[in-house]
Amino acid sequence: MDVKIAPSWKSHLEEEFEKDYFKNLVSFVKEEYQHHTVYPPGSKIFNAFDKSSFEDTKVVIIGQDPYHGPGQANGLCFSVADGVRKPPSLVNIFKEIKDDIGKEVPQSGNLERWAEQGVLLLNATLTVRAREAGSHQKKGWEQFTDAVIKKISDEKEGVVFMLWGAYAQKKGAIIDENKHHVLKAKHPSPMAAKYGGWFGSKHFSQANEYLKNQGLEEIEW
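Enquirer: Please explain the overall build of the protein as it appears in this structure.
Expert: Looking only at helices and strands, the protein has nine helices and six strands in total. In terms of overall size, the protein behaves like a compact globule, its C-alpha atoms giving a radius of gyration of 17 Å where 221 residues would be expected to give roughly 17 Å. Projected onto its principal axes, the C-alpha coordinates of the protein cover approximately 45 × 35 × 25 Å. For the protein, the residues scored as buried account for 50% of the 221 residues in total. Of all intrachain contacts in the protein linking residues separated by at least 6 positions in sequence, the fraction that spans at least 24 positions is 65%. Here the protein has roughly 10,600 Å² of accessible surface; of this, 48% comes from carbon and sulfur atoms. Mean positive and mean negative side-chain charge positions of the protein (29 and 31 charges, respectively) differ by 6 Å.

Enquirer: What's the story with the packing of aromatic side chains in this structure? I'm lost.
Expert: Think of a pair of aromatic rings as described by two things: how far the centres are apart, and how the planes are tilted against each other in angle. Within this structure, the stated rule accounts for 20 aromatic pairs. Linked through ring pairs, Trp9, Phe17, Tyr21, Phe22, Phe46, Phe49, Phe54, Trp141 and Phe144 together constitute an aromatic cluster. Sitting above the plane of the Phe54 ring, Lys156 keeps its charged end 5.3 Å from the centroid.

Enquirer: What is the right way to read the pattern of salt bridges from this model?
Expert: Two side chains bearing opposite charge may form a pair once their charged atoms approach each other closely. Tallying each qualifying case throughout the model produces 13 salt bridges. Residue Lys23 pairs with Glu18 through a salt bridge whose shortest N-O separation is 3.9 Å. With a shortest N-O distance of 3.4 Å, Lys98 and Glu104 are connected by a salt bridge.

Enquirer: Even after reading the chapter, I still don't get the sheet that holds strand β5 (residues 160-164), so can you show me in this structure?
Expert: Hydrogen bonds along the backbone pair up the strands of a sheet, which may run parallel or antiparallel. Pairing is parallel in the open sheet, where four strands are placed in the order β3-β2-β5-β6. Where the open sheet ends on each side, the last strands, each with one partner, are β3 (119-123) and β6 (181-185). Ignoring which end each strand starts from, the neighbouring axes of this sheet average 20° apart. In the sheet, strand β2 (residues 59-63) pairs with β3 via five bridges, with the strands oriented parallel. Residue pairing across strands places Val60 opposite Leu120, the latter belonging to β3.

Enquirer: In this structure, what is going on with the pairing of β5? I would like to understand it.
Expert: Regular strands show a simple pattern: their side chains alternate between the two faces of the sheet. Of all five residues that make up β5, five are buried, and the element is covered over most of its length. Taken together, β5, helix α7 (residues 165-171) and β6 form a β-α-β motif whose crossover is right-handed.

Enquirer: Any chance you could explain the nonpolar core here in plain terms?
Expert: Across soluble globular proteins, nonpolar side chains show a tendency to be buried alongside one another. Ranked by internal contacts, the top residues of the largest apolar core, which has 64 residues, are Phe49, Ile61, Trp114, Phe144 and Trp221. Those residues in contact with Trp221, other than ones at most four positions away along the chain, are Val59, Ile61, Ile97, Ile101, Lys103, Arg113, Trp114, Val119, Met162, Phe204, Ala207 and Asn208.

Enquirer: How do you make sense of the environment of Leu126 when you look at a structure like this?
Expert: Tracing the backbone shows Leu126 in the loop between β3 and β4 (128-129). Classification of Leu126 by relative accessible area gives buried; the value is 6%. Counting along the chain gives eleven residues from Leu126 to Ala115, while the straight-line C-alpha distance between them is 16 Å.

Enquirer: Explanation requested: helix α1 (residues 7-17) in the structure shown.
Expert: Two residues of an α-helix separated by three or four positions point the same way, owing to the 3.6 residues in each turn. Taken together, the buried positions of α1 are occupied by Ser8, Trp9, Leu13, Glu16 and Phe17. Taken around the axis of α1, the buried residues stretch over an arc of 130°, which confines them to a single face. Exposed residues lying more than 90 degrees from the buried face of α1 are Pro7 and Glu15. Looking at the packing, one finds that the buried side of α1 touches α2 (20-35), α3 (47-51), β3 and α6 (141-155).

Enquirer: Looking at this structure, I do not really get the environment of Pro40. What am I missing?
Expert: Its location among the elements puts Pro40 in the loop between β1 (38-39) and α3. In this view, Pro40 contacts Tyr33, Ile45, Pro66, Ala73, Asn74, Gly75, Leu126 and Thr127; residues no more than four positions away in its chain are not counted.

Enquirer: Which parts of the structure should I look at to understand unusual backbone geometry?
Expert: Negative phi characterises most residues that are not glycine, and trans characterises most peptide bonds. Note that the residue after Tyr39, namely Pro40, is joined by a cis bond; omega there is -5°. A positive phi angle, near 70°, is found at Phe78, a position not held by glycine. Turning to its location among the elements, Phe78 is positioned in the loop between β2 and α4 (88-101). With relative accessibility at 11%, the residue Phe78 sits in the buried group. One non-glycine residue, Lys138, lies in the positive phi region at around 60°. Its place among the elements puts Lys138 in the loop between β4 and α6. Taking relative accessible area as the criterion, Lys138 reaches 76% and is therefore assigned exposed.

Scoring rules and cut-offs
- Just so you know, the residues in each chain are numbered from 1, in the order the chain's sequence is written.
- With pLDDT at 70 or above as the cut-off, local features in this predicted model cover only qualifying residues; side-chain atom pairs require 80 or more to be listed or tallied, and sums for whole chains, interfaces and linings still use all residues.
- Working from all heavy atoms in the structure, the side-chain values ignore hydrogens and water.
- Each helix is a run of DSSP H or I of at least 4 residues and each strand a run of E of at least 2, with the numbering of both proceeding from the N terminus.
- Throughout, radius of gyration means the C-alpha value; the globule benchmark is 2.2 Å times the number of residues raised to the power 0.38.
- Exposure classes here rest on a 1.4 Å probe applied to the protein chains alone. A residue is buried below 20% of its type maximum, exposed above 50%, and partly exposed in between.
- Residue contacts follow a heavy-atom distance rule, with two residues in contact if any of their heavy atoms lie within 4.5 Å.
- Only the protein chains shown count as covering a residue, and every accessible area follows the Shrake-Rupley method with a 1.4 Å probe.
- By the counting rule applied here, Lys and Arg register as positive and Asp and Glu as negative, while His and the ends of each chain are not counted.
- A charge is said to be at NZ when it belongs to Lys, at CZ for Arg, at CG for Asp and at CD for Glu.
- Pairing of aromatic rings covers Phe, Tyr and the six-membered ring of Trp, with a centre-to-centre limit of 6.5 Å; geometry is then stacked below 30 degrees between planes, edge-to-face above 60, and tilted otherwise.
- Definition used: whenever NZ (Lys) or CZ (Arg) falls within 6 Å of the ring centre and also within 35 degrees of the ring normal, the charge is taken to sit over that ring.
- Salt-bridge detection follows one rule: a side-chain nitrogen of Lys or Arg within 4 Å of a carboxyl oxygen of Asp or Glu.
- Paired strands are those between which DSSP finds at least two bridges.
- In this description, a line fitted to the C-alpha atoms serves as the axis of each element, helices being fitted only across the stretch in contact, and the angle between N-to-C directions of two axes falls anywhere from 0 to 180 degrees.
- When the strands point away from the viewer and the connection leading from the first strand across the helix to the second strand turns clockwise, the crossover is called right-handed.
- Take the buried residues of types Ala, Val, Leu, Ile, Met, Phe, Trp, Tyr and Cys, join any two whose side-chain atoms come within 4.5 Å, and each joined set is a nonpolar core.
- The directions from the helix axis to the C-beta atoms form the arc being described.

Everything listed here is a matter of coordinates, which is why it stays silent on function.
Written as structure tokens, this is what we have:
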């Protein structure tokens, strides 16, 4: 099956694309795009993989579903397209970055610039029906993204994994913490942040400190 994904990832995930569950997933997703409004646009489904190669991946941030409002999702977790209003979780991410490392909040919520530096912004589910949160869950995407996480954990060393909230932490249970740097915090959503555990987590400075200690270039958050 020919899945349009960056060559560096394709070679590492080829076996996954041949499995029955993935073939069924592709059929389901094609059907959904034909009969419903689905986000992100088809060309952006694998945007996280197109912007960040397997070899260059230094940081992994795990999200859940793509945004399901018009024009928001661009294939990177927590990210929105240029010119789109920042969702509340992203507002809180930028607030924490400012508090943590002093970087001013950018105008755009497009995180492609992070991805291009080696940050894999991976949603557990890569597609969603418009205005129907969770509509593409339990169709096979979670199995695929688990395989991606395991592949990174098994075949790379010294990757920073940022696990925000209970869902991401449960999904990240397969990460080998002896080989990688795993950072955990509450989810940046307004409700979770309100009760503490997101603000002051300092994940961005911790990630950069870890990368620097390995002789790697820090992320320009």
